[in-house]
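Notes for the structure review
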Amino acid sequence: MTEHVLDAKGLNCPLPILRARKALKDVPPGETLKVLATDPGSVKDFEAFCRSTGNQLVESKVEDGVYSFIIKRTE
Amino acid sequence: MADATNAKRMSMIVTKGTLDWAYPPFILATTAAAMGLEVSMFFTFYGLWLLRKKLDLEVSPLGNPAMKMPLGGMHIAMPNLLAALPGATALASSMMKDMIRKKGIASVEELRNLALESDVKMIACQMTMDLFEIKREDLIDGPVLGGAATYIESATQSDINLYI
């Protein structure tokens, strides 16, 4: 199982979400995508994105100004 | 492209063609498409300029007291008297584009391409094309030509309708 990571640091709304959508297409169902971002708005946005698309937000945390999200592709 | 879990629809009317007003429709269209919605955009009047092959968008500070640009830790609005001078629009536009680049914000061109890639349906208003003498070949590939009835049909099938 390869680790899928998307570096969206430095990008502003809506690019982290758009890039994540694209990256998720290459993630097989059941596997996870890790997204790194510096946009504070991305916290609420990834929650809403996952709720709307039916994917699972497994983890959302912030460390040293970098937000990281783990999204499990369930759709 | 709609996901099976969320095949909702959004339609919008895009009526404005300045740099600042170009962002909301393309940001919302691309994000909605990323969230699995089917999106339809109807470009009319000045909004039609957003479909031109070569985008040369500008923003004017004239009559816009809310346009306060960050400058040396403060926010400065340009007085109308200065904003009316030749070159003021070009200056404000290049300042805004410079800020956009530095803040990691997508360009309008980039968002427009992303919208097309994610199958956002675009409709160019035929009446506006006649009015402003805009030819089909002036516009990007992708949009179809239509009128009010085309928009109304897509609006009646939509969960979200926006007028921007």
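Residues numbered from 1 in each chain as written. Chains lettered and ligands numbered in written order. Predicted model: local features only at pLDDT ≥ 70, side-chain atom pairs only at ≥ 80, totals over all residues.

Here we look at the overall build of chain A
How we decide: Segments assigned H or I by DSSP are reported as helices when at least four residues long, segments assigned E as strands when at least two residues long, and all are numbered from the N terminus. Radius of gyration here uses only the C-alpha atoms, and the compact-globule reference equals 2.2 Å multiplied by the residue count raised to the power 0.38. Here exposure depends only on C-beta density: within 10 Å of a residue's C-beta, 20 or more other C-beta atoms make it buried, 12 or fewer make it exposed, and intermediate numbers make it partly exposed, the C-beta atoms being placed from the backbone. Residue pairs qualify as contacts under a 7 Å threshold applied to their C-beta atoms, which are placed from the backbone.
In terms of helices and strands, chain A carries two helices and four strands. Here the C-alpha atoms of chain A give a radius of gyration of 11 Å, agreeing with the 11 Å that 2.2 N^0.38 yields for 75 residues. Summarising its shape, the C-alpha atoms of chain A cover approximately 30 × 25 × 20 Å along the three principal directions. A total of 75 residues make up chain A; the buried ones form 33% of that total. Long-range contacts, defined here as pairs at least 24 residues apart, represent 55% of the contacts in chain A between residues at least 6 apart.

Points about the overall build of chain B
Secondary structure summary: chain B contains six helices and seven strands in total. Reading the secondary structure of chain B in the N-to-C direction produces β-α-β-β-β-α-α-α-β-α-β-α-β. Viewed in the frame of its principal axes, chain B has a C-alpha envelope of about 50 × 40 × 25 Å. Buried residues in chain B amount to 30% of all 164 residues. Across chain B, every contact between residues at least 6 apart in sequence was considered, and the portion connecting residues at least 24 apart equals 75%.

Overview of the domain arrangement of chain B
In plain terms, the rule: For the purposes of this description, domain bounds are those given by an automatic or database domain assignment.
Once the domains are mapped, chain B shows domain 1 (9-57 + 106-163) and domain 2 (68-102). On a C-alpha basis, the centroid separation for the pair domain 1 of chain B and domain 2 of chain B is 27 Å.

Quick look at the confidence of the model for chain B
Note the following rule: The predictor reports its confidence for every residue as pLDDT, a score running from 0 up to 100.
Of the residues in chain B, 96% have a pLDDT of 70 or more, and the chain-wide mean is 92. Within the model, the stretch residues 1-5 of chain B combines pLDDT values under 50 with 12 contacts to residues more than four positions away or in other chains.

Re the sheet that holds strand β2 (residues 38-43) of chain B
Residues and elements named next belong to chain B. Where we set the bar: At least two DSSP bridges between two strands are required for those strands to pair. Each axis is a line fitted through C-alpha atoms, taken for helices only over the stretch in contact, and angles between the N-to-C directions span 0 to 180 degrees.
What the five strands build is an open sheet, ordered β6-β5-β2-β1-β7; its pairing is parallel. Only two strands of the sheet have a single partner each, and these edge strands are β6 (144-146) and β7 (160-163). Neighbour-to-neighbour, the strand axes of this sheet turn through a mean angle of 20°, independent of strand direction. Helix-sheet contacts for helix α6 (residues 148-156) involve β1 (9-14), β2, β5 (121-125), β6 and β7, and the interaxial angle to β1 is about 150°.

A few points about the pairing of β2(B)
Residues and elements named next belong to chain B. Across the six residues of β2, six count as buried, placing the element largely inside the fold. Both β2 and β5 contribute to a ladder of four bridges, which runs parallel. Counterpart to Ser40 in the pairing with β5 is Lys121.

Description of the nonpolar core
Residues and elements named next belong to chain B. What counts is decided by this rule: In these notes, a nonpolar core means any group of buried Ala, Val, Leu, Ile, Met, Phe, Trp, Tyr and Cys residues linked to one another through C-beta atoms within 7 Å.
Membership of the largest hydrophobic core comes to 51 residues, with the highest contact counts inside it found for Ala29, Met41 and Phe43. For this core, the element with the highest residue contribution is helix α1 (residues 19-34), accounting for eight residues. The contacts of Ala29, once residues within four sequence positions are left out, are Val39, Met41, Ala115 and Val120.

Examining the interface of chain A and chain B
As a reminder, the rule being used: Polar here means any residue outside two lists: the nonpolar Ala, Val, Leu, Ile, Met, Phe, Trp, Tyr, Cys and Pro, and the charged Asp, Glu, Lys and Arg; Gly therefore counts as polar.
Listed by partner, the interface residues are 13 residues for chain A and 14 residues for chain B. Broken down by element, the residue count for the side of chain A that touches chain B peaks at four residues, all from helix α1 (residues 15-24) of chain A. In terms of residue class, the side of chain A that touches chain B is built from six nonpolar, five polar and two charged.

Quick notes on the environment of Pro25(B)
All names here are of chain B. Tracing the backbone shows Pro25 in helix α1. The class of Pro25 is buried, set by 27 C-beta atoms lying within 10 Å. Here Pro25 is in contact with Met12, Val14, Met41 and Ile164, once residues within four sequence places are set aside.

Quick notes on the pairing of β5(B)
All names here are of chain B. Inclusion rule: Assignment of crossover handedness uses the view with strands pointing away from the viewer, where a clockwise path from the first strand over the helix to the second indicates a right-handed crossover.
Among the five residues of β5, five are classified as buried, and the element is accordingly described as predominantly covered. Side-chain alternation along β5 places Lys121, Ile123 and Cys125 on one buried face and Met122 and Ala124 on a second face that is also buried. Here β5 runs beside β6; their pairing, made up of three bridges, is parallel. When the bridges of β6 are listed, Cys125 appears paired with Gly146. For the crossover that starts at β5, traverses helix α5 (residues 126-132) and ends in the parallel β6, the hand is right-handed.

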